[in-house]
Amino acid sequence: MASEIKKIGVFTSGGDSPGMNAAIRSVVRTCAYLKLECVGIYRGYQGMIEGDFKLMDARSVNNIINKGGTILKSARCDDFRTPAGRQKAFDQLTAEGIDAIVVIGGNGSFAGALALNEEFNFPVIGIPGTIDNDILGSSYTIGFDTAINTVVGAIDKIRDTASSHNRLFFVEVMGRDVGHIALNAGVGAGAEEILIPEQNLGLERLLESLKRSKKSGKSSSIVIVAEGDKTGKNVFELKEYVEEHLPIYDVRVSVLGHMQRGGNPTCFDRVLASRMGVKAVESLLEGKSNYMVGVRDTKLILTPISEAIKAHTDIDEELIRVSDIMTT
């Protein structure tokens, strides 16, 4: 297999995350170093179906390691969900002479790559790029570190105004299925409560916690809410509930939204992306396919894509315990 690979395609898919450009740069420059051709596939699977390709060399990725987003763009592609759409994609890849692909994205992106491999025996390697940090087989995904630092920075600013006006702020962060962003940023920013999908805190316990905070002398509070929290109410309904039952609080809501996906990637994400890009290309040349590059205990590892997409990563129980202690 290794001797057959002369040209590698690279693309980003799904939601963008800071560090994707660093990963693209790493794949392209590793190919240049190993005297391989590298083709950028624009707009994910949609661009693959339409043949939106561009040959890239080491100079094509100058000055992008520090940029958020993805220079290769990303797009939804319903056509790729069909056998006919995947056939078109495969035909475009073979017409371009692409021998293997590196996909940078999350679970949905990896599922697409797995289907392409299973139906056409096409070599694929995945690099986990998502701010949610929810992919099995890697302790960290590209973009997670940047996202939690963005959230912490925003909460620090919100706390300034919360303290000035003696207010309670509900701050909603991304995390529809997992609470990694909320938990880590909440601990890092010193939030009084953290609501995550993995734990149903319950409205009564939330009220009791806020009452204790008030009695202990806290004049302002920050509650971090993951968008997938299971209390049964969205963040605005939580605000109304607390105002109704604890009128002593002046409550405000701040939804951080897509700002969490943007911004310059941290050094951690740039280094992680660079390491994973090199590993992805080298793994393809070693004849490995259908794997995702991950990191565990600072070491790069390979996990079968079929395993990586089976479930989300578990929440850190120790960090939950630390959070409970810190919110005392």
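To start, this report covers the structure provided alongside it. (Residues numbered from 1 in each chain as written. Predicted model: local features only at pLDDT ≥ 70, side-chain atom pairs only at ≥ 80, totals over all residues. Heavy atoms only, no water.)

Helix and strand counts for the protein chain come out as 11 helices and 11 strands. Whereas a compact globule of 328 residues would reach a radius of gyration of roughly 20 Å, the protein chain reaches 22 Å, a difference of no more than 12%. For the protein chain, the share of sequence-separated contacts (at least 6 apart) that also reach a separation of at least 24 residues comes to 75%. Of the accessible surface of the protein chain, which amounts to about 14300 Å², a share of 48% is contributed by carbon and sulfur atoms. Separation of charge centres in the protein chain, based on 37 positive and 42 negative side chains, amounts to 5 Å. (Helix = DSSP H or I, 4+ residues; strand = E, 2+ residues; numbered from the N terminus. Rg over C-alpha atoms; globule rule 2.2 N^0.38 Å. Contact = heavy atoms within 4.5 Å. Areas by Shrake-Rupley, 256 points an atom, 1.4 Å probe, with all protein chains shown as cover. Lys, Arg positive; Asp, Glu negative; His and termini not counted. Charge placed at Lys NZ, Arg CZ, Asp CG, Glu CD.)

Right, let's get into the sheet that holds strand β6 (residues 167-173). Pairing in this open sheet of 4 strands is parallel, and the strands run β7-β8-β6-β9 from one edge to the other. Of all strands in the sheet, those bounded by a partner on one side alone are β7 (193-195) and β9 (250-255). Across the sheet, the mean angle from the axis of one strand to that of its neighbour is 20 degrees, orientation sign disregarded. As paired strands, β7 and strand β8 (residues 221-226) are joined by 3 bridges and run parallel to one another. Residue pairing for β8: I194 is matched across the bridge by I224. Sheet strands in contact with helix α7 (residues 203-215) are β6, β7 and β8, and its direction is about 165 degrees off that of β7. (Pairing = 2+ DSSP bridges. Axes fitted to C-alpha atoms, helices over the stretch in contact; angles between N-to-C directions.)

Core analysis: the largest hydrophobic core is formed by 31 residues, its most contacted members being I8, V10, V27, V102 and I127. Counting only elements with at least two residues in this core, the list comes to β1 (7-12), α1 (20-33), β4 (100-105), β5 (124-128), α9 (267-285) and β10 (291-296). For this core, the element with the most residues is α1, which contributes 7 residues. Excluding residues that lie within four positions of it along the chain, I8 makes contacts with C31, L36, E37, C38, V39, I98, A100, V102, V281 and L284. Grouped together as the second largest cluster of nonpolar side chains are 29 residues, A154, V171, I196 and I315 included. (Core = buried A, V, L, I, M, F, W, Y, C linked by side-chain atoms within 4.5 Å. Buried < 20%, exposed > 50% of the residue type's maximum accessible area, 1.4 Å probe, protein only.)

Glancing now at the sheet that holds strand β11 (residues 299-304). With mixed pairing, 7 strands are arranged side by side in an open sheet as β3-β2-β1-β4-β5-β10-β11. The two strands at the open ends of the sheet, each matched to only one other strand, are β3 (53-56) and β11. Averaged over neighbouring strand pairs, the angle between their axes works out to 30 degrees when direction is ignored. Summarising the sheet, β1 and strand β2 (residues 37-41) pair through 4 bridges and their orientation is parallel. Note that in β2 the partner of V10 across the bridge is G40. Across the sheet, helix α3 (residues 83-96) lies against β1, β2, β3 and β4, angled at about 35 degrees from β3, the strand it touches most.

This brings us to the packing of α1 against α9. Interaxial distance between α1 and α9 falls to 7 Å at its minimum, and their mutual angle equals 40 degrees. Judged by the inter-axis angle, α1 sits oblique to α9. You can see that α1 and α9 cross each other, and the crossing is right-handed. Residues A22, A23, R25, S26, V27, T30 and C31 of α1 form the contact with α9, whose participating residues are R270, A273, S274, G277, V278 and V281. Split by residue class, the contact of α1 with α9 holds 7 nonpolar, 4 polar and 2 charged. (Parallel < 35°, antiparallel > 145°, perpendicular 65-115°, else oblique. Left-handed = near helix turned anticlockwise from the far one by under 90°. Nonpolar A, V, L, I, M, F, W, Y, C, P; charged D, E, K, R; others polar.)

Moving on, we get to the environment of R176. Among the structural elements, R176 can be located in the loop between β6 and α6 (180-189). For R176, a relative accessible area of 59% gives the class exposed. When the C-alpha atoms of R176 and K230 are compared, they prove to be 10.0 Å apart, with 54 residues separating the residues in sequence. For R176, the contacting residues outside a window of four places in its chain are P197, E227 and G228.

For β1, the buried fraction is high: 6 of the 6 residues fall into the buried class. A two-sided burial pattern is seen for β1, the buried positions comprising K7, G9 and F11 on one face and I8, V10 and T12 on the other. Tracing the backbone out of β1, into α1 and back to the parallel element β2 gives a crossover that is right-handed. Strand direction decides the pairing type here: β1 and β4, joined by 5 bridges, are parallel. Within β4, the residue paired with V10 across the bridge is V102. (Right-handed = clockwise from strand over helix to strand, strands pointing away.)

The residue M259 is located in the loop between β9 and α9 in this model. The partly exposed category is assigned to M259, whose relative accessible area is 44%. Sequence separation of M259 and V173 is 86 residues, and the distance between their C-alpha atoms is 9.8 Å. Those residues in contact with M259 that lie beyond four places of it in its chain are T150 and A154.

With that settled, consider the packing of helix α5 (residues 144-165) against α6. Two elements in contact, α5 and α6, have axes whose closest approach is 9 Å; the angle formed by their N-to-C orientations is 50 degrees. When the interaxial angle is binned, α5 and α6 end up oblique. In terms of crossing hand, the pair formed by α5 and α6 is right-handed. Together, F144, A147, I148, V151, V152, I155, D156 and R159 of α5 and H180, I181, N184, A185, G188 and A189 of α6 make up the contact between the two elements. Grouping the amino acids of the contact of α5 with α6 by side-chain chemistry returns 9 nonpolar, 3 polar and 2 charged.

Nothing here speaks to function; it is all geometry.
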